[in-house]
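# Topology and contacts: notes
Each chain, letter by letter, is given below.
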Amino acid sequence: MIRTRQLAYRYPKGPALAFPDVDVPQGGVLLLAGPSGSGKSTWLALAAGLVGATAGQIDVAGQSLGADGTALKQGAALDAWRARTIGFLPQRLHLSTALTVHDNLAMAQWAAGQAQNDKLITEALEALGVQDLALRKPAQLSGGQAQRVALARAVLLQPQVILADEPTASLDDEAAAASLALLQSTARWEGATLVIATHDARVARFFAENPSKKGLLRIVLGRKKL
Ligand code: ADP
Ligand code: ADP
C-alpha cells in the first residue's frame, strides 16, 4: 500500500533528508517518529504528492510518486488522485472559522471536484458522533469536538490512506488516548492505512497496548544523513 525505496528530499534552500525504506500493508499503521525538524512533515507531504521526491521511490495506493515516477505528473490529475486517496488530519486543524461544520465538509467535496452530497456529509459526521454539531461554527466546538470534525472531513471521501500530523500535540493524556483511539477505529472502519507523524512517546505506547490487526511499523527519522 505504501512502499518507499531510498526516498530522499532536498529542500532548494535547506537540508537534504533521507528516509528509511518502509513497506506498509493496506490497513497497517506506520508511526513516523523523530524530533522536531527530522522530516516528518516532509514525509507526509511526499506521501500526499504535495512535493515530489528528489531521489528514490515512493508508491502510495498503487501510484508512483517517486523521483522517476511517470504517473500523475500533471497537477490536475495529481490533485484528483490526492482528493480521492488521501485523508489528511493536519496539526492545526484548518477548519474554516467562517463556515459551519457542515459547510466545512461540503467545502472538502467541492475542493475534490465533487458535487455537494449532504447524505455523505451526514454519514461522516454520524460516524464520528458529531452530527448534532453540524450547524455550529468551529469557535463553538471543544478541542475534542473540533478534532472529530476534522477527522470526519478527512474520511469524508473514503480515503485509502489517512495521514495525521502530531494528532496528540498539546493534548493531556486522556484526550491524547481518545484522539488515538478515534484515529485507529476510524482507519479500521475505512480499511485505510494510517500514518501518524509524531514525536510524542505516548503514541508508540498506545499502539503497543492497542495493537493494530495489520501490524505496526515504526521508523525514527533524523538518524540518516545524505
Ligand atoms: P518535522 O515535521 O519532523 O518537524 P519537517 O519535515 O517540517 O520536520 O522539516 C525537516 C527539515 O527541513 C527541518 O530541518 C526544516 O527546518 C527543513 N525545512 C522544512 N521546510 C523547509 C522549507 N520550505 N525550506 C527549507 N527547509 C525546510
Ligand atoms: P504544521 O505542521 O506547521 O502545523 P500543517 O499542519 O498545516 O503545518 O501541515 C503539516 C504538513 O502536512 C505540511 O508539511 C504540509 O505540506 C502537509 N500537508 C498540508 N496539506 C496537506 C494535504 N491536504 N494532504 C497531505 N499533506 C498535507
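Since the model is a prediction, treat every value here as computed from it, not as a measurement. (Residues numbered from 1 in each chain as written. Chains lettered and ligands numbered in written order. Predicted model: local features only at pLDDT ≥ 70, side-chain atom pairs only at ≥ 80, totals over all residues. Heavy atoms only, no water.)

## What about the packing of helix H5 (residues 143-155) against helix H6 (residues 173-190)?
The relative placement of two packed helices comes down to the angle between their axes together with the axis-to-axis distance. Relative to each other, H5 and H6 sit at 20 degrees, their axes nearing to 11 Å. It follows that H5 is roughly parallel to H6 by the angle criterion. Two packed elements cross with a definite hand, and for H5 against H6 that hand is right-handed. In contact with Gln-147, Arg-148, Leu-151 and Val-155 of H5, H6 contributes Ser-179, Leu-182, Leu-183, Thr-186 and Glu-190. (Axes fitted to C-alpha atoms, helices over the stretch in contact; angles between N-to-C directions. Helix = DSSP H or I, 4+ residues; strand = E, 2+ residues; numbered from the N terminus. Parallel < 35°, antiparallel > 145°, perpendicular 65-115°, else oblique. Left-handed = near helix turned anticlockwise from the far one by under 90°. Contact = heavy atoms within 4.5 Å.)

## A few points about the site of ligand 2
Taken together, the neighbourhood of ligand 2 is formed by Ser-41, Ala-45, Ala-48, Leu-50, Phe-88, Pro-90, Gln-91, Arg-92, His-94 and Asp-165. A distance of 3.1 Å is found between an oxygen atom of ligand 2 and a backbone nitrogen or oxygen belonging to Gln-91. In the model, an oxygen atom of ligand 2 is placed 2.8 Å from a nitrogen or oxygen of the His-94 side chain. About the coverage of ligand 2: the protein hides 66% of its 550 Å² of free accessible area. Of the residues contributing to the shell around ligand 2, the split by class is 5 nonpolar, 3 polar and 2 charged. (Near = heavy atom within 4 Å. Polar contact = N/O pair within 3.5 Å; in protein donor to acceptor, adjacent residues only side chain to side chain. Areas by Shrake-Rupley, 256 points an atom, 1.4 Å probe, with all protein chains shown as cover. Nonpolar A, V, L, I, M, F, W, Y, C, P; charged D, E, K, R; others polar.)

## Observations concerning the pairing of strand S1 (residues 2-10)
Along a regular strand, successive side chains alternate from one face of the sheet to the other. Pairing between S1 and strand S3 (residues 22-24): 3 bridges, direction antiparallel. The residue bridging Ile-2 from the neighbouring strand is Val-24, located in S3. With 5 bridges connecting them, S1 and strand S5 (residues 55-60) associate as antiparallel partners. Residue pairing for S5: Thr-4 is matched across the bridge by Ile-58. In this sheet, strand S2 (residues 16-18) lies alongside S1 in antiparallel orientation, the contact comprising 3 bridges. (Pairing = 2+ DSSP bridges.)

## Thoughts on the pattern of salt bridges
Taken as a whole and judged by the stated rule, the model has 5 salt bridges. Between Lys-119 and Glu-123 there is a salt bridge; the shortest N-O distance is 3.2 Å. On the criterion of helical spacing, the pair formed by Lys-119 and Glu-123 is a turn pair, its members being 4 residues apart in helix H4 (residues 118-127). For Asp-200, the salt bridge is made with Arg-202, and the minimal N-O distance between the two is 2.9 Å. Linked by salt bridges that have partners in common, Asp-173, Asp-200 and Arg-202 make up one network. (Salt bridge = Lys/Arg side-chain N within 4 Å of Asp/Glu carboxyl O.)

## Regarding helix H7 (residues 201-209)
Residues spaced three or four apart along an α-helix point in a common direction, a consequence of the helix completing one turn every 3.6 residues. All of the buried residues along H7 are Val-203, Phe-206 and Phe-207. All buried residues of H7 fall inside an arc of 90 degrees around its axis, so they share one side. In this structure, H7 carries Ala-201, Ala-208 and Glu-209 as exposed residues pointing more than 90 degrees from its buried face. Looking at the packing, one finds that the buried side of H7 touches strand S4 (29-33), H6, strand S9 (193-197) and strand S10 (216-220). Of the residues that open H7, the one with a side-chain oxygen 2.8 Å from the backbone nitrogen of Arg-202 is Asp-200. (Buried < 20%, exposed > 50% of the residue type's maximum accessible area, 1.4 Å probe, protein only. Arc of directions from axis to C-beta.)

## Topic: the site of ligand 1
Neighbouring ligand 1 are the residues Tyr-11, Gly-14, Pro-15, Leu-17, Pro-35, Ser-36, Gly-37, Ser-38, Gly-39, Lys-40, Ser-41 and Thr-42. A distance of 2.7 Å separates an oxygen atom of ligand 1 from a polar atom in the backbone of Gly-37. Interatomic distance of 3.2 Å between a backbone N/O atom of Ser-38 and an oxygen atom of ligand 1. For ligand 1, whose free accessible area comes to 560 Å², the fraction covered by protein is 60%. Of the residues forming the shell around ligand 1, the biggest block, 3 residues, is contributed by helix H1 (residues 40-47).

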